[in-house]
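# Coordinate inspection notes
One-letter residues, chain by chain:
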Amino acid sequence: MRGVAVAAIALTSVMTMAACAKDSGGGNNSNTGSGAACEYATPPTAPATSNTSAANGDKVDGSALKVGLAYDIGGRGDASFNDSAAAGLDKALTDFGVKKENTRELSAAPNEDESAKQTRLRQLATEGFNPIIGVGFAYAESMKVVAPQFPNVKFGLVDSVVEGATNVTPLLFAEQEGSFLAGVIAAYQSKKCHVGFVGGVEIPLIQKFEAGYFQGAKAAAPKIQIEKKYITPAGDFTGFQDAPKGQEAAKGQIDKGADVIYQAAGASGKGVFSAAKQGGVLAIGVDSDQYNQATVADTKDVIVSSMLKRVDVAVYDFIKAVAKNDLTSLPKVFDLKVNGVGYATSGGKIDAKLQGILEGYKAQIIEGKIKVADKP
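Everything in this summary refers to the structure shown in the same document. Fair warning: this is a prediction, and the values are worked out from it, not measured in the lab.

### Brief notes about the state of the cysteines
Inspection of the entire model under this criterion finds 1 disulfide. For C38, the disulfide goes to C193, at an S-S distance of 2.0 Å. Between C38 and C193, the disulfide has an S-S torsion of 105 degrees and is therefore right-handed. Remark: C193 occurs in the loop between α4 (175–189) and β6 (194–202) and C38 occurs in the segment before β1 (67–71); sequence separation between them is 155 residues.

Here you go:
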């Protein structure tokens, strides 16, 4: 089975949430909250059956593989993006017989020189690792150089495409679709109809999270107020590994009245959770099911949900496809339809009624009735 599946309660109908007092706001980035709960749009009806894919019971032998992972900034232990990739590797060890001693994990440093990434990939390839997975778009330029030097090595690249490199498989996601559901969650969990978004670095990839979140929140509650803040501008990737700045960004939004904060900020998200706990509000995690991450255990009580970007599924499926020598089995995009993105219910804050509403929106996205924008 793929990763840890997110449970979905299938309902034949959904009770419309009672409309509360109208809020007096409506604009983005407003300075004050109305203090009134949202007036909700009528949600779509949940499907009678779940869209979760059936488990694939293929027997796969990966015992001969040597798997290399080149992590993005933060590496294993970031409680987010990289940890999700690590979970996929760990599951491959269990399910496919990949030997621990035949794996290697290396991590990037903030704002490192491009040559460092090339050296990292070249080191793994020279030492016989195959496949090699670059965890993050930051490896795109390096793979453009290194992959042609090792034509017999199968490379996987999360979040980017290397044109013309036949031995590089892109592992892409519909982050905006999962973030749409995070926006719905935020709207229904907010007591003030005022929520926030904290991005790590203002780049197109993270703007996909922003775009989906805004669209989902407004679909659920058209007059909702939404704050947004990026920790660093494009080019400065320390925004993914600066918890104090994450905390500062979230505190600013809480001070303006936001009471649910969604973060897409890598390891900086730990600071967002700290600010939420100190401010007595809620937060939504990203990439991994962060409620269950040991490194943020002291703040998990404020994590209402996490937008699951199933990098674990992509890593696991890529390793499986290499073991089977069949890369054509991989989806072109890991979206809601293939459970490549989704939402977590750990912690018990997503009740049956809200889960039914989420499944209704999810079904409409999968069916194409709702088109989720990938740009703000």
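### Some words on the nonpolar core
Core analysis: the biggest nonpolar cluster contains 46 residues, and F197, I206, F209, Y213, I224 and Y262 have the highest contact counts within it. Element by element, the count of residues in this core is highest for α4, at 8 residues. Beyond its immediate chain neighbours, meaning those up to four positions away, I206 contacts F197, G199, G200, V201, Y230, F240 and A264. If you look at the next biggest cluster of nonpolar residues, it comprises 30 residues, including V67, A85, L89 and I133.

### So, the sheet that holds strand β2 (residues 103–107)
Sheet architecture is open: 5 strands sit in the order β2-β1-β3-β4-β5, paired in parallel fashion. This sheet does not close on itself; its edge strands, each paired only once, are β2 and β5 (168–171). Across this sheet, the average inter-strand angle for adjacent strands is 15 degrees, counted without regard to direction.

### Thoughts on the pattern of salt bridges
Per the stated rule, a full pass over the model turns up 18 salt bridges. Two residues, K100 and E105, come together in a salt bridge whose shortest N-O distance is 3.6 Å. Taking the relative accessible area as the measure of exposure, E105 reaches 24% and is therefore partly exposed. When salt bridges with common partners are traced through the structure, they connect R76, D90, K100 and E105 into a single cluster.

### Some points on the sheet that holds strand β10 (residues 303–309)
Strand order in this open sheet of 6 strands is β7-β6-β8-β9-β10-β11, and the pairing throughout is mixed. For this open sheet the edge positions go to β7 (225–233) and β11 (341–343), each flanked by a neighbour on one side alone. The average angle at which neighbouring strand axes cross in this sheet is 15 degrees, direction not considered. Pairing analysis gives 3 bridges linking strand β8 (residues 260–264) to strand β9 (residues 282–287), with the strands arranged parallel. The residue bridging V260 from the neighbouring strand is L282, located in β9.

Quick notes on the rules
- Residues numbered from 1 in each chain as written.
- Predicted model: local features only at pLDDT ≥ 70, side-chain atom pairs only at ≥ 80, totals over all residues.
- Heavy atoms only, no water.
- Disulfide = S-S within 2.5 Å.
- Helix = DSSP H or I, 4+ residues; strand = E, 2+ residues; numbered from the N terminus.
- Core = buried A, V, L, I, M, F, W, Y, C linked by side-chain atoms within 4.5 Å.
- Buried < 20%, exposed > 50% of the residue type's maximum accessible area, 1.4 Å probe, protein only.
- Contact = heavy atoms within 4.5 Å.
- Pairing = 2+ DSSP bridges.
- Axes fitted to C-alpha atoms, helices over the stretch in contact; angles between N-to-C directions.
- Salt bridge = Lys/Arg side-chain N within 4 Å of Asp/Glu carboxyl O.

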